[in-house]
Structure formats: structure tokens, C-alpha cells
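# Chain and residue survey
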Amino acid sequence: MKTKLLRILRETKEYVSGQQLCECFGVSRTAVWKMIGQLKEEGYEIEAVKNRGYRIVNTPDVMSSQEILSRLHSEWMGHKCIHLTSIDSTNNYARKIAEEGALAGTLVVADEQTAGKGRRGRSWETPDHVNIMMTLLLRPRIHPGPAPRMTLLMAMAAAQSIRAETGLEAFIKWPNDVVLNGKKVCGILTEMSAEVDYINYVVVGIGINVNQESFPGELARTAGSLYLALGKKISRAALAVRIVERFEKLYETFVKTEDLRELYEEYNGMCINCGRQVQVREPGNVYTGTTDGINEKGELIVRREDGETVCIYAGEVSVRGLYGYV
Ligand code: ATP
């Protein structure tokens, strides 16, 4: 009920009368007043004006499921939202509930991650309550081979949503980082459980440095946040919801063909590596070249200095700029 109340308050520009709310929920004025009181205790600023009603004036920066669901306008993704105060990793949690039969589209969000994961066993480090840590659980009826391309879809959804929410020019660093002013603000980790020709589930996790004010040690060289780029804090829930809504659209397009034929040009339009020199770091092999972006399979097409053109698959590879992170 609180989710619905929040949605009504948020979506009504004018005051919502107590009477309207009583009718909408089929409860007494006292019950409405109590619910409003609970929201106020949770940090919502709600103005109550006699003979006019209630109006929401300020929303706390929380990632509760009621905050997320009251903003969400997706078709199906995120309709089940699990908010955790603390967890080792949202991907681990999503995998666990996937094994137990959780529905496709389930969204897991956390306030605190004690063992956030990056690719290849690396770690994702984030302070509590200021950033986004979330994972979507999916069960696509596609071949397992193309599933890792969903990482690229999430990078697109994140970059587009950051642009829409902040007006800043976020770019994608192939395959899965989002960068702002040359600093990494987002990491994505896709994990899968599959048989040879059947996917049990895929979890796509994303960490975004939203309102983080500074970074410790080594990380300060490469990491940035939306706050540091924008100079003001934004609502994590608003951004998270936008990402889910956008990802849903990209996902629906992707699963039709299992490749990126309808999406790769859009991806390349936001890919910071396009038209630049890159250093490709494969296990045991480092070389440089130039790239104009990805192909339909999501591979980065690189013209090596020796003249050969190669298509690189994301799995074990990192790319860097010649003189820095991008
Ligand atoms: P790259 O392409 O930059 O090598 P990756 O895709 O292999 O990165 P990820 O899995 O996205 O790496 O993220 C893990 C790495 O990101 C860590 O090794 C660390 O260097 C860096 N990192 C960890 N936490 C953060 C953070 N909050 N913000 C930015 N970077 C981070």
C-alpha cells in the first residue's frame, strides 16, 4: 500500500486529498494519516495542507523496494524487487534465489556489499548507501553462447540512463565500463548457469558510483562518480529505475536475434574507443591498434599495427587507451 501511496503522491502534481486516498485504498482517514506518518519517519517530506491534502516535497535517497517500485514503469522487469541492507554480492544473492526458482526479471538491490565482484575474480569496492549495487535475474530462451552480450546491453542502458538523468556525456569503454571525464563510474558483471544448449539463468550485476565523494588509494586514479562529475547528488532510485526500464527494451530487442544487429551502431555511437588507438591486453599478449567499434556479435574490431584486422571477444580481454585508462 505504501508503494501505491508513494506512486500517487509522486505522480500527482497538485495536492491529493485525504478523501481521495481513503477511497483509493478503502481505508479510514486515520489509516491514511498513519501511512503518511510512516513515510515521514522514513525521511519523506510530505506537506499536509488543510482542505487541500497531501503533497510530496522531498524524497530521501533510499533504494528501498517501495521507492523503486513506486517509480518503475517497465513492462515486467523489476516488478519483483528485493532490497537487502547488507549482502556479500547482489550477484551471489540473485544466483541463490535463481537456484530456488525466483522469477525472471527479479531485481536485487543492496545498501551495502561486503564482497562485490568484478570480472576475472577482481573486486568491486563501494561504500555503503551512496552508490548503486544491483542485479537483474533473467532466464532468456536463447543459446548460452550469445548470453555474455547482455553485458554490453547493460553498459548501453547505464550510459544512456546516466546521460538522461544527469545531462553528462557518459561513454562506454568496451566491453562493459561506463566512463565520465575519462574516469570509470560503473562496472558490470554477467554470470550464467547453463547446460550445453540451455540457459538456467543469467544474472547481470551493475555497480555505479553515484554519490561517492572520494576514492581511496590507487582507485582514485581511475575511478570517478556522477557526483564528482556533476557537482551535485542525484537520486539513486531514479537512476536505477531508468536503467531497468532501458535495459528491458534493449533485452527484448536482443533476444529476438541473439545478436546486436539492431543495436551495435547505437553502442558504437557511445563507445569511447571508437576512432581511437587502443592497447589490447589479452592473457600473455599485449598489442596496440585502432578501432571503429564492435560488430553484430559484440566483438571489438581492431586494426593491428601490423595491418591485420582482428575481432576480439570480451571474455579475458581488457582494453586501455595508449596513455591512460581510456
Ligand atoms: P577493466 O576493463 O578496467 O580492466 P574490468 O572490466 O576487467 O576492468 P570490472 O570487472 O569492471 O573490471 O571491475 C573490477 C575492477 O574495477 C577492479 O579491479 C578495480 O580496478 C576497479 N574498481 C573496483 N571498484 C571500483 C569502483 N567502485 N569504481 C571504479 N573502479 C573500481
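Residues numbered from 1 in each chain as written. Predicted model: local features only at pLDDT ≥ 70, side-chain atom pairs only at ≥ 80, totals over all residues. Heavy atoms only, no water.

## Digging into the overall build of the chain
The number of helices and strands found in the chain is 10 helices and 14 strands. Scaling as 2.2 N^0.38, a compact globule of 326 residues should have a C-alpha radius of gyration of about 20 Å, and the chain matches this with 21 Å. Counting only C-alpha atoms, the chain reaches 75 × 45 × 35 Å along its principal axes. Relative to its full complement of 326 residues, the chain shows a buried share of 51%. Put simply, 64% of the contacts in the chain that link residues at least 6 apart link residues at least 24 apart. In the structure as shown, the chain presents an accessible area of about 15000 Å², 48% of it carried by carbon and sulfur atoms. (Helix = DSSP H or I, 4+ residues; strand = E, 2+ residues; numbered from the N terminus. Rg over C-alpha atoms; globule rule 2.2 N^0.38 Å. Buried < 20%, exposed > 50% of the residue type's maximum accessible area, 1.4 Å probe, protein only. Contact = heavy atoms within 4.5 Å. Areas by Shrake-Rupley, 256 points an atom, 1.4 Å probe, with all protein chains shown as cover.)

## Re helix α9 (residues 236–257)
Every α-helical turn comprises 3.6 residues, leaving residues that sit three or four positions apart pointing alike. Relative to the 32 Å expected for 22 residues at 1.5 Å per residue, α9 spans 32 Å between its end C-alpha atoms, a close match to the ideal helical length. Directly beyond the C-terminal end of α9, a positive phi value near 65° is found at E258. (Expected span 1.5 Å × (residues − 1).)

## Quick word on unusual backbone geometry
Look at the link from W174 to P175: it is a cis peptide, with omega at 0°. If you trace the backbone, P175 turns up in the loop between β6 (171–173) and β7 (177–180). Even without being a glycine, H129 presents a positive backbone phi close to 65°. For E258, which is not glycine, the phi torsion reads 65° and is therefore positive. Topologically, E258 is positioned in the loop between α9 and α10 (264–269).

## What about the sheet that holds strand β10 (residues 276–282)?
In space, the 5 strands of this open sheet follow the order β13-β12-β11-β10-β14, with antiparallel pairing throughout. Each of the sheet's edge strands pairs with one partner strand only, and the pair in question is β13 (309–312) and β14 (318–320). Neighbour to neighbour, the strand axes of the sheet diverge by 45° on average, direction disregarded. As judged from the 7 bridges shared by β10 and strand β11 (residues 285–294), these two strands associate in the antiparallel manner. In the strand pairing of β11, Q279 is matched with T288. (Pairing = 2+ DSSP bridges. Axes fitted to C-alpha atoms, helices over the stretch in contact; angles between N-to-C directions.)

## A few points about the site of the ligand
Lining the immediate surroundings of the ligand are 18 residues, of which R119, R120, R122, E125 and N209 lie closest. Between an oxygen atom of the ligand and a side-chain N or O atom of N176, the distance comes to 3.2 Å. In the environment of the ligand, an oxygen atom lies 3.2 Å from a nitrogen or oxygen atom belonging to the side chain of D177. Protein contacts shield 91% of the accessible area of the ligand, which totals 640 Å² for the unbound molecule. Secondary-structure elements contributing two or more residues to the shell around the ligand are β8 (183–194) and β14. Among the residues making up the shell around the ligand, the classes are represented as 4 nonpolar, 6 polar and 8 charged. (Near = heavy atom within 4 Å. Polar contact = N/O pair within 3.5 Å; in protein donor to acceptor, adjacent residues only side chain to side chain. Nonpolar A, V, L, I, M, F, W, Y, C, P; charged D, E, K, R; others polar.)

## Structural notes on the sheet that holds strand β9 (residues 199–208)
Here 7 strands make up an open sheet; going across it, the order is β3-β4-β5-β9-β8-β7-β6 and the pairing mixed. Only two strands of the sheet have a single neighbouring strand rather than two, namely β3 (81–84) and β6. Strand after strand, the sheet turns through a mean of 20° between neighbouring axes, direction not considered. One ladder, built from 4 bridges, connects β3 with strand β4 (residues 107–110); its direction is parallel. Each residue of the ladder has a partner; that of H83, found in β4, is V109. Running over the sheet, helix α6 (residues 150–166) touches β5 (132–138), β6, β7, β8 and β9 and is turned about 145° from β8. Against the sheet, α9 engages β4, β5 and β9, with an angle of about 30° to β5.

## A few points about the packing of helix α1 (residues 2–11) against helix α2 (residues 18–25)
As a packed pair, α1 and α2 sit with axes 12 Å apart at the nearest point and diverge in direction by 140°. By the angle class used here, α1 and α2 are oblique. Where α1 crosses over α2, the two elements pack in a sense that is right-handed. In this structure, α1 contributes K4, L5 and I8 to the contact, and α2 contributes L21, C24 and F25. Within the contact of α1 with α2, the residues separate by chemical class into 5 nonpolar, no polar and 1 charged. (Parallel < 35°, antiparallel > 145°, perpendicular 65-115°, else oblique. Left-handed = near helix turned anticlockwise from the far one by under 90°.)

## Considerations on the pairing of β9
Taken across its 10 residues, β9 has 9 buried, putting it largely inside the fold. Note: β5 against β9, 7 bridges, orientation antiparallel. Residue L137 lies in a different strand from β9, and its bridge partner there is V203. Pairing of β8 with β9, which is carried by 9 bridges, proceeds in the antiparallel orientation. Each residue of the ladder has a partner; that of C186, found in β9, is I208. In textbook terms, the turn of a hairpin is the stretch between consecutive antiparallel strands, and for β8 and β9 this stretch comprises 4 residues.

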